[in-house]
Amino acid sequence: KIIAKFSGVPMYILYCGGDEVGEDQWAPRIHMTELQRDVDAGMLPKEMVTLEHLEKSVHDFIVRPHLHGPVMDFACRSIADANIKFKAKASERKVGMGQFRSKM
């Protein structure tokens, strides 16, 4: 919560587990629900927190080849989205500096 609220760095969190595979002991859905509630209440910036849940996945996905694809897809989407957000912020800073310079 502190990272998302104060750092300006977007957070992407993948939650695992569900009815079919059992609840994940490291990141149970209750944590995702709590964070989503904080986002909905305005305690965390919506644009900085992305939560996703893979029902049939488990925390030790690395030793389960059938889970590599879905987890890799999540990672690639998250990196691409963070890059877009970073470029947008950089563009905002350039516009702000240009306005500052023109007033000098």
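For the structure, check the block above.
What you are looking at is a predicted structure, and each value in this text was computed from that prediction instead of being measured.

Basis of the calculations
Residue numbers run consecutively from 1 along every chain, following the written order of its sequence. Totals for whole chains, interfaces and linings use every residue, but because this is a predicted model, local features are given only for residues with pLDDT of at least 70 and side-chain atom pairs only at 80 or more, for both listing and counting. No hydrogens and no water enter the side-chain calculation; it runs on all heavy atoms of the structure. For this document, the term salt bridge refers to a Lys or Arg side-chain nitrogen within 4 Å of an Asp or Glu carboxyl oxygen. By definition, any uninterrupted DSSP run of H or I lasting at least four residues is a helix, any uninterrupted run of E lasting at least two residues is a strand, and each is numbered from the N terminus. Exposure is judged per residue with a 1.4 Å probe applied to protein chains only, and the accessible area is read against the type maximum: over 50% gives exposed, under 20% gives buried, and values in between give partly exposed. Here, the term nonpolar core denotes a set of buried Ala, Val, Leu, Ile, Met, Phe, Trp, Tyr and Cys residues that are joined through side-chain atoms within 4.5 Å.

### A closer look at the pattern of salt bridges
- Within this structure, the stated rule accounts for two salt bridges.
- Among the ionic pairs, glutamate 52 bridges to arginine 77, the shortest N-O distance being 2.5 Å. Placement of glutamate 52 in strand S3 (residues 49-54) and of arginine 77 in helix H3 (residues 65-102) is noted, with a sequence separation of 25 residues between them.
- On the accessibility criterion, glutamate 52 (23% relative accessible area) is partly exposed.
- A salt bridge links lysine 85 to aspartate 81, with the shortest nitrogen-to-oxygen separation between them at 3.1 Å. Taken together, the residues span about one helical turn, with lysine 85 and aspartate 81 both in helix H3 at a distance of four residues.
- Judged by its relative accessible area of 23%, lysine 85 is partly exposed.

### Some points on the nonpolar core
- Membership of the largest hydrophobic core is limited to seven residues, which are Tyr15, Met32, Leu35, Val39, Leu44, Val49 and Leu51.
- For this core, the element with the most residues is helix H2 (residues 29-40), which contributes three residues.
- Within the second largest apolar cluster, five residues are counted, among which are Leu14, Leu54, Val71 and Phe74.

### Looking at the environment of valine 58
- On the secondary structure map, valine 58 appears in the loop between S3 and H3.
- Accessibility expressed as a relative area gives 15% for valine 58, which makes it buried.
- In this structure the C-alpha to C-alpha distance between valine 58 and cysteine 16, which are 42 residues apart in sequence, comes to 5.1 Å.

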